[in-house]
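# Fold and contact review
One-letter residues, chain by chain:
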2 protein chains.
Amino acid sequence: MTHPRYTDLIQGLPANVPFVGPEQQERVRGAAFTARLGANENIFGPSPKAVEAMRRGAADIWKYGDASSHDLRHALAGHMGCAPENILVGEGIDGLLGNLVRLLIAPGDAVVTSDGAYPTFNYHVTGFGGALHKLPYREDREDLPALLAMAAKVDAKLVYLSNPDNPMGSWHKAADIQREIDAHLPEGCLFLLDEAYVEFAPEGTALEVDVNDPRVIRMRTFSKAYGMAGARVGYAIGAPDLIRSFDKIRNHFGMNRMAQAGALAALQDRQWLAQTQAKVAEARKAIAAIAVENGLVALPSAANFVAVDCRQDGDFARRVLAALSARGIFVRMPFVAPQDRCIRISCGRPEDLEHLAQALPEALDEARG
Amino acid sequence: MTHPRYTDLIQGLPANVPFVGPEQQERVRGAAFTARLGANENIFGPSPKAVEAMRRGAADIWKYGDASSHDLRHALAGHMGCAPENILVGEGIDGLLGNLVRLLIAPGDAVVTSDGAYPTFNYHVTGFGGALHKLPYREDREDLPALLAMAAKVDAKLVYLSNPDNPMGSWHKAADIQREIDAHLPEGCLFLLDEAYVEFAPEGTALEVDVNDPRVIRMRTFSKAYGMAGARVGYAIGAPDLIRSFDKIRNHFGMNRMAQAGALAALQDRQWLAQTQAKVAEARKAIAAIAVENGLVALPSAANFVAVDCRQDGDFARRVLAALSARGIFVRMPFVAPQDRCIRISCGRPEDLEHLAQALPEALDEARG
């Protein structure tokens, strides 16, 4: 008999991981990256007030965090215009996604997403034995009507949409999403809207659904616009019954106490957020300009990254990526054709983009062989 | 049709939570506690070097943490005298327990623990549908021979022991545990040893098992001796195959980046740890003295808390607890008879224990009616 005895589900799972982190890549290549533009981190950083709140919290770290994230949850409720009972704070969207999937998905249950959308969501679905139904992008956007039609066809319990989309940066108007939900979301299917990047998007992108609508759950994060990816703070907005159901399974004392304090301070610093949004908009333009200079095409983006179409196939884009990495530029790219003709460049400071601008022509030459 | 459609397992789970945090109790009572002695936090706090490392890390929080916790894992391997492949860093022991249960326990699978031992472990077992078999304490210690006999009888996949024990503070010698494992651990049953408090215990308490023994997994934490409960850093030590299996399901980017840096610095400050151990030993004596002054009995403890026998039944001890809480003293107590004749007092600074010494006589009077 083997030791230990894993469940059948676990034995059937692949050993692969959703992402290899930049630190691991740096250890393999034996040198640090000069520009860290691959994980859609917000290199403009958190509000100094958030930094200060975390620093103040460091000495108090002997205390467990507040299990209900009371202060942050109440502030988020004010921010979102809803009740605290509509808000769940968790260990980043990744952690929230895992728990949501666990609530709904038993082995064999159907889940619908786009082919090439967020791998960590797929990882969780597979991890709980769900049956993933993936639909292709349509003109580099997630194909919402097709996703909902598939959800009806396979009796999905959960359908995933990110808006803006990662990795393409494309987006839908909130009104279009709301209309699709109202017209075509099947009975018994929860609509999971990942709004991780929504603070970077144009007005009218963030869904303004009735927070008590039991058909929809939204997720947001402090990892992107608020510059706190390493803190692990995300939140879900949904109907109170659904929000409360997480209490059956979540790690109640799982929140880092400094992160709770930092997120609260970050949320309150609207000026810093506005400044970040402006810097990101500038960086998107700068990345697009670098793309054009190199004969490439920058796709429109509502996020803090730009998908740059290398105008050949996935093998070519992968060679560009490798050549950039060899020159100290950390970027990533879409996993699935035809989106994998692109590389995905996170917004950076002028000095980061200067490194990119210098390395890209050589990387393209190398990739062209 | 209800929205959303939860799994059968989730629908059957109770809504209760393992613990109500002190912040929640403070909100209910409308005032802060004057002494926070209920959650076995380490009020002596983290090493100043750990605080400094976390503060330095705050500005870099825009980066995700290293998904493999490479530096901390390697340092822990050095500390434990094993390979990095024997170590998994996770979001506290609570997080690690949840993932371990998920790896092994499918609905109906048997798990053995002591009645009154760690509720969060039970919460995870129940949360994955496991069948808990609980055995009574024996003379206020976990009854290891009985646990292993029950494991054989019910074909358990997992048996839990905490050493030192929480909530009683009792302990087993490592040699006794090793002998029991070798003689009586059934085939196919993983021995889960929770050593959260082991740094406070006498020499010879920490198990020195072969790290590659696939029958045993140990868990330790930075929440107790290292004073970093709010950081959420725990680690598991086990055979490489078992450690690697967590990669199939864990939240790879779930670690807070400041917490990783702080834990590394804390681990390296052996002098601070020694000082904490001495302070905890002093506090245990002081709590015992307070107990004696009030006609109560302090049980011997190898942890950073003392179970104080109130020498009546659970109802009486619960009244003492409530009366202490009303006087601003946060303590907890065992959940199950006859251990619930005790209240459990975490080690505190002299000023914390002075608050306790002042409140306890009144609380006892009130409880006696």
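Criteria and cut-off values
Residues numbered from 1 in each chain as written. Chains lettered and ligands numbered in written order. Predicted model: local features only at pLDDT ≥ 70, side-chain atom pairs only at ≥ 80, totals over all residues. Heavy atoms only, no water. Least-squares fit on C-alpha atoms with pLDDT ≥ 70 in both. Contact = heavy atoms within 4.5 Å. Buried area = accessible area lost by both parts, 1.4 Å probe. Salt bridge = Lys/Arg side-chain N within 4 Å of Asp/Glu carboxyl O. Polar contact = N/O pair within 3.5 Å; in protein donor to acceptor, adjacent residues only side chain to side chain. Helix = DSSP H or I, 4+ residues; strand = E, 2+ residues; numbered from the N terminus. Nonpolar A, V, L, I, M, F, W, Y, C, P; charged D, E, K, R; others polar. Pairing = 2+ DSSP bridges. Axes fitted to C-alpha atoms, helices over the stretch in contact; angles between N-to-C directions.

## Observations concerning the relation of the copies chain A and chain B
By a simple turn and slide, chain A fits onto chain B: the slide is 0.0 Å along the axis, the RMSD is 0.0 Å, and the turn is 180°. Taken together, the rotation angle and the small translation identify this as a two-fold axis. In terms of C-alpha distance to the rotation axis, chain A has R55 of chain A as its closest residue, with the C-alpha 2.4 Å off the axis. Most of the interface of chain A is mirrored in chain B, where 100% of its interface residues are also at the interface.

## Regarding the interface of chain A and chain B
Contacts between the two partners involve 86 residues from chain A, matched on the other side by 86 residues from chain B. Counting the surface lost from both chain A and chain B, the interface buries some 7200 Å², and carbon and sulfur atoms represent 58% of this. At the junction of chain A and chain B, the tally comes to 6 salt bridges. Here D155 of chain B and R5 of chain A are joined by a salt bridge, their closest N and O atoms 3.0 Å apart. Inspection of the region where chain A meets chain B yields 54 residue pairs in polar contact (both at pLDDT 80 or more). Of all elements in the fold, only helix 1 (8–11), helix 2 (22–29), helix 3 (48–58), helix 5 (92–104), helix 6 (119–127), helix 9 (240–245) and helix 10 (257–268) of chain A reach the threshold of two or more residues within the side of chain A that touches chain B. For the side of chain A that touches chain B, a count of residues per class yields 40 nonpolar, 23 polar and 23 charged.

## Thoughts on the sheet that holds strand 10 (residues 305–309) of chain B
Residues and elements named next belong to chain B. The sheet built from 3 strands is open, its strands ordered 9-10-12 with antiparallel pairing. Single-partner strands in this sheet number two, and they are strand 9 (297–298) and strand 12 (342–346). Note: strand 10 against strand 12, 5 bridges, orientation antiparallel. Each bridged residue has a counterpart across the sheet, and for F305 the counterpart in strand 12 is S346. Docked against the sheet, helix 11 (residues 270–293) engages strand 9, strand 10 and strand 12, running at close to 15° with respect to strand 10.

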